[in-house]
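Given next are the chains, with one letter for each unit.
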Amino acid sequence: AEKLLAAADYDSAIAAFTALGDYKDASERVTQIEEQQETEHLAKEAAEKEIRNAQLYSDATALLDSGDYDGAIVAFKKLGNYQDAASRAKDAETRKIEAENALAYQDAVSMQESGNYEKAVEAFAALGGYNDAADHLVECRYLQADQLQSEGRIAEAAITFGKNADYKDSKARSMELWKAVTTRNSISAGGYHSVALRADGTVVATGENENGACNVTSWRDVVAIATGFSYTVGLKSDGDVIVTGTDNDGACHISNWKD
């Protein structure tokens, strides 16, 4: 039995020690051999797993280095908590976004340079805070508005300039264009309140304000006003609609009105 154990023939050694019954410590040796078998089995599994994971990690790294970010993300996530796989997966995601943004940015610049301002505006807006996309966005929107005006699309030009109010003379041009496309209601009377639109786009009101119909002092860049019985509606230069006052029957449900 000892010779079989020394030769690492564990199954035969267990059988031999078991056959000895209560002789000396034969039964204890059986238990020791089984525990040793389990330890070596677990060690072998761990070693094999390490080899597999090391290869997968190497493959994932190669995918990342080659620019196959999607493949790298999947590969690193499969590795779970192995080494720094989780952080490498996040790195791959970051690099993927950076690569996509860089490509989208170049496309947006190309559209701007070719005069396709509408698409360029959409592209730069989608890029958010990437690089100087925000600066390009306001520049493109100004050029788009100028183009719309030259094409006689005055209302669209007025709205587009209005969305760009802080850039160059956008606000002034928007307000001027609005005069040509809307009946500029400068004064409107509701049931028990009166509202006036100033030339600078601000609004004043007086009268019964129980339901907030006169809460217009914060309104800016307004180009037209209207009043209901106990509510006030304003059209802003960027095409948005604002309202204050009582909301009986849903008269103030205009939060999604654009352009």
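Residues numbered from 1 in each chain as written. Predicted model: local features only at pLDDT ≥ 70, side-chain atom pairs only at ≥ 80, totals over all residues. Heavy atoms only, no water.

*Asks:* I'm lost on the confidence of the model for the chain in this one. Help?
*Replies:* Taken as a whole, the chain shows an average pLDDT of 94; of its residues, 99% reach a score of 70 or greater. For the chain, the element scoring lowest by mean pLDDT is helix α9 (residues 170-181), at 90; strand β3 (residues 203-207) scores highest, at 98. (pLDDT = per-residue confidence, 0-100. Helix = DSSP H or I, 4+ residues; strand = E, 2+ residues; numbered from the N terminus.)

*Asks:* Just checking my understanding: could you explain the sheet that holds β3 for this structure?
*Replies:* As a general point, the strands of a sheet are linked pairwise by backbone hydrogen bonds and lie either parallel or antiparallel. Pairing is antiparallel in the open sheet, where three strands are placed in the order β1-β2-β3. Edge strands, defined here as strands with exactly one partner in the open sheet, are β1 (187-189) and β3. This sheet shows a mean twist of 15° between the axes of neighbouring strands, independent of strand direction. As defined by bridge partners, strand β2 (residues 193-197) adjoins β3 across five bridges and the pair is classed as antiparallel. Looking across to β3, one finds that S194 is bridged to T206. (Pairing = 2+ DSSP bridges. Axes fitted to C-alpha atoms, helices over the stretch in contact; angles between N-to-C directions.)

*Asks:* Would you take a moment to explain the pattern of salt bridges for this structure?
*Replies:* Side-chain pairing between opposite charges can occur once the charged atoms of the two side chains come close. Considering all chains together, one arrives at twelve salt bridges under this definition. For E2, the salt bridge goes to R29, with nearest N and O atoms at 2.5 Å. Here the residue E2 occupies a position in helix α1 (residues 2-6), and R29 occupies one in helix α3 (residues 26-66), the gap between them amounting to 27 residues. Using a relative accessible area of 16% as the deciding quantity, one classes R29 as buried. Salt-bridge contacts for D146 lead to R173; the nearest nitrogen and oxygen are separated by 2.7 Å. Of this pair, D146 sits in helix α7 (residues 133-150) while R173 sits in helix α9; the two residues are 27 residues apart in sequence, bridging distant segments of the chain. Judged by relative accessible area, which is 33%, D146 ranks as partly exposed. One network of salt bridges, in which partners are shared, links E151, R153 and E156. (Salt bridge = Lys/Arg side-chain N within 4 Å of Asp/Glu carboxyl O. Buried < 20%, exposed > 50% of the residue type's maximum accessible area, 1.4 Å probe, protein only.)

*Asks:* Any chance you could explain helix α4 (residues 69-78) here in plain terms?
*Replies:* For an α-helix, the turn length of 3.6 residues means that residues three or four places apart are oriented alike. Looking only at α4, the buried set comprises Y69, A72, I73, A75 and F76. Buried residues along α4 sit against α3 and α5 (85-113). Downstream of α4 by a residue or two, G80 has a phi angle that is positive, lying close to 60°. (Contact = heavy atoms within 4.5 Å.)

*Asks:* Hey, could you run me through the nonpolar core in this one?
*Replies:* In globular proteins that are soluble, nonpolar side chains generally tend to be buried together. If you look at the biggest cluster of nonpolar residues, it comprises 13 residues, and the most contacted ones within it are Y57, L64, A72, F76, L79 and A92. Those elements that provide at least two residues to this core are α3, α4 and α5. In terms of residue count, the dominant contributor to this core is α4 (five residues). Core analysis: the second largest hydrophobic core is formed by twelve residues, A108, A120, Y130 and C140 among them. (Core = buried A, V, L, I, M, F, W, Y, C linked by side-chain atoms within 4.5 Å.)

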